[in-house]
Structure formats: structure tokens, C-alpha cells
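As a plain string of letters, each chain reads:
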Amino acid sequence: MRRIAAVTWARSLEFLRDRSTLAWNVLAPLLMVGGFALVFAGPGQPLFKVAVLGQIDPAAHPFLATPYVRFFAVEDSATTLKKVAHHQVDLLLDLRTPPGRYWVNPESPKGVTLERMLAGTPGPQPLREAVGGKPVRYVDWVVPGLLGLNLMFSCLFGIGYVIVRYRKSGYLKRLNATPLRPLEFLAAQLLSRLLLVVTITCLCFAGTNAFLHFRMEGSYLDLFAVMLAGAVCMIALGLTVAARVTSEELAGGLLNLLTWPMMVLSGVFYSTDSAPPLVRQAASFLPLTRMLDAARAVMLDGARLADVAAELVPLVVMAAVFLALGSAMFRWSPE
């Protein structure tokens, strides 16, 4: 433990003394959140979203052929009803049992418009169910994505480039002559990066929340636990990439190969609810997807840790697997 503490302290001082990197890690998420809050401060885009329980078959009801409406299939009615209540989904439709049923929030302008469109469509009229709830601002929905994106880059690139640089400069080779073992060295890197990333993310969240007043239905401690699990998983993934790589160019390519799918598929800037099932299944294997789904459930729906266990358990398992692989593949020297 003394060896781990010594290396952790040395790495933390090295990061804090690099003032340009420290400033970027603090300013980047602040600028991103502020910019998106300014750009999307107005009303949302006039796009209708209708969730359909079961299969989408236009032959089942003429309403399913309505143009300019995005229909997408769902299986979980409870989760979708929360999104209808928060104006994230305009209407939930169930036509599996005639004459069918639909759920709408009477305070949602898009929901009321779709309800009138449904009433004017020929065919059997589904039964109406009202759902109440306040709308969720776009900035409330996107802030976990922006902070999670910054956390992902800080964890992966911050840990990956550093270890590759250590290996190229011969620093790791000198450490190999000490009693320090690979697992101890990786644990120290993980703890150092985790402490810095968590501190910066908490400060950024608190600073932006003071001005924008984010929606927070759940517990801040639960949200902190979600962030902690996601950060550990990301850092462990970065350690795995840097375990044997000797070239900074190769490390950058591998890290970009990991980050770009998460940026596109994990729902950072937009919801993937209406994406094709194959895309949603692929996104479920990404650590950032799990972390953002859990964070938004806590912030917007008031979920507790037990409610997001399906997201946290894979994060913990992936972190353990990545750390074990990184320790097994790790080498000190570039040869």
C-alpha cells in the first residue's frame, strides 16, 4: 500500500503541475454545457415521436402510416410511460388488443396534436389514458451526456497516453527494477486518475448547476456512485489499451476507435430510443451507454441504485475484466 500511495501521489502531482491540461479539463465541459444551454434554450424541434408496444404494422391501424411521425417499437411500457410524462415521447400506442389503447400527456402540445390526428384517422379509436408530468428541458437531458463525454476522454486519453509515454521514455523500465508489481502500478494509475476526474466532474456539475438548476429527482449520492462506476470502467479500459502499446500514434488510433462509437451510439447528444434494434443492442455493450442510462434514470426519473443495477453491474464486471487483462498483458519496456 505504501508503494501504491507513493506512485499515486507522484502521478497526481505530475498532472496538477501541467497547468494547460488541467485548465482544459476544467474549462471544456463548462464551455460545452453553457454552449448547448444557449443554443437549445428555445422550444424543441417540431418532430413527433410515437412509441408502439409490440410490432409496427401499418395494416393494424391507418394512424401508423401518418407522415412526419416517427414510430418506433418498444417492449417496456413502464419506462416509456415515464418518457411520455416528461414530454420525451409524445404518445405511447398499444394496438395489440382491439380497439387498442394510447397514453398521452394532456400538457404536451405535441401529444395533444397527435391525439387529434389519431381521432381524425379512420378506423377503430383506441382508448385514452392520461399521463401527468413536467417536461424535461433539453439541457437537463444532455448534461449527463456532456459531462460523461468529458469524463470518457479524460479517463481514456489521460491514462493511455501517459503510460505509453512512460514506456517510451524508459520510466517504466526503471520502475521494473523496484519491488513495484504491474498490478500495483496500474492500481496507482487508476486511483490517481479516478481522484482527479471525479473531482473535476463534480466541480463542473456544481458550477453549471448553480446557473442552470438541473432537474434532480433522485439522490446525489446515487448519481455519484454511478459516475464512480463509469469512471473506474473507463480508466480500466484505458489501462488495457496502454498495457503493451509502445507508439503514441497507435495508442491514439486505438483510443479514437473506442471513443467514436461511444460518442455516436451512447446517446450523448440525442436519444437512441428510435434507432434500429441492432444499433441499440450494440450500444448496450458500451460503458458510456450504461453510465448515461443510469445517470439519466437517477436525475430525471428518481431511480435508486437498486433500480439501475442492470446498468451498474455490467460496468463493474467490465472494469474487473479490463483491469485483469491490463495487468496480465502489461510490459515495462518497449522491447
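*Asks:* I'm lost on the overall build of the protein chain in this one. Help?
*Replies:* Counting secondary structure elements, the protein chain contains 12 helices and 5 strands. Here the C-alpha coordinates of the protein chain stretch approximately 80 × 40 × 35 Å along the principal axes. The long-range fraction of contacts in the protein chain, counting pairs at least 24 apart against all pairs at least 6 apart in sequence, stands at 76%. For the protein chain, the exposed area adds up to about 16600 Å²; of that, 66% sits on carbon and sulfur atoms. For the protein chain, the distance from the average site of its 30 positive side-chain charges to the average site of its 22 negative ones is 9 Å.

*Asks:* In this structure, what is going on with the environment of Val 245? I would like to understand it.
*Replies:* Position of Val 245 among the secondary structure elements: in the loop between helix H8 (220-241) and helix H9 (248-265). Residues Val 245 and Phe 330 lie 85 residues apart in sequence; the distance between their C-alpha atoms is 9.2 Å.

*Asks:* Hey, could you run me through the nonpolar core in this one?
*Replies:* Here is a general trend for soluble globular proteins: nonpolar side chains tend to be buried in one another's company. Membership of the largest hydrophobic core comes to 75 residues, with the highest contact counts inside it found for Leu 151, Met 152, Ile 163, Leu 172, Phe 185, Leu 288 and Met 299. Looking at this core, the elements that each hand over two or more residues are helix H1 (2-17), helix H5 (138-169), helix H6 (171-175), helix H7 (182-212), H8, H9, helix H11 (287-301) and helix H12 (309-329). A total of 17 residues in this core trace back to one element, the largest contributor, which is H5. Setting aside residues up to four positions removed in sequence, Leu 151 forms contacts with Val 197, Thr 201, Met 227, Gly 230, Ala 231, Met 234 and Met 291. Counting 14 residues, the second-largest nonpolar core is a separate cluster that includes Val 50, Leu 91, Leu 93 and Leu 95.

*Asks:* Sorry if this is basic, but what is going on with the confidence of the model for the protein chain here?
*Replies:* In this model, the protein chain carries a mean pLDDT of 83, and residues with pLDDT of at least 70 account for 90%. Taken element by element, the predicted model of the protein chain shows its lowest mean pLDDT in helix H2 (residues 19-39) (61) and its highest in H8 (92).

*Asks:* Quick question: what am I supposed to make of the packing of H11 against H12 here?
*Replies:* A pair of packed helices is characterised by two quantities: the angle between their axes and the separation of those axes. Between H11 and H12, whose axes approach to 9 Å, the crossing angle comes to 145 degrees. Note on packing geometry: the crossing formed by H11 with H12 is left-handed. Residues Pro 287, Arg 290, Met 291, Asp 293 and Ala 294 of H11 touch H12, and the partners they reach there are Ala 310, Glu 311, Pro 314, Leu 315 and Met 318. In terms of residue class, the contact of H11 with H12 is built from 7 nonpolar, no polar and 3 charged.

The rules we used
Residues numbered from 1 in each chain as written. Predicted model: local features only at pLDDT ≥ 70, side-chain atom pairs only at ≥ 80, totals over all residues. Heavy atoms only, no water. Helix = DSSP H or I, 4+ residues; strand = E, 2+ residues; numbered from the N terminus. Contact = heavy atoms within 4.5 Å. Areas by Shrake-Rupley, 256 points an atom, 1.4 Å probe, with all protein chains shown as cover. Lys, Arg positive; Asp, Glu negative; His and termini not counted. Charge placed at Lys NZ, Arg CZ, Asp CG, Glu CD. Core = buried A, V, L, I, M, F, W, Y, C linked by side-chain atoms within 4.5 Å. Buried < 20%, exposed > 50% of the residue type's maximum accessible area, 1.4 Å probe, protein only. pLDDT = per-residue confidence, 0-100. Axes fitted to C-alpha atoms, helices over the stretch in contact; angles between N-to-C directions. Left-handed = near helix turned anticlockwise from the far one by under 90°. Nonpolar A, V, L, I, M, F, W, Y, C, P; charged D, E, K, R; others polar.

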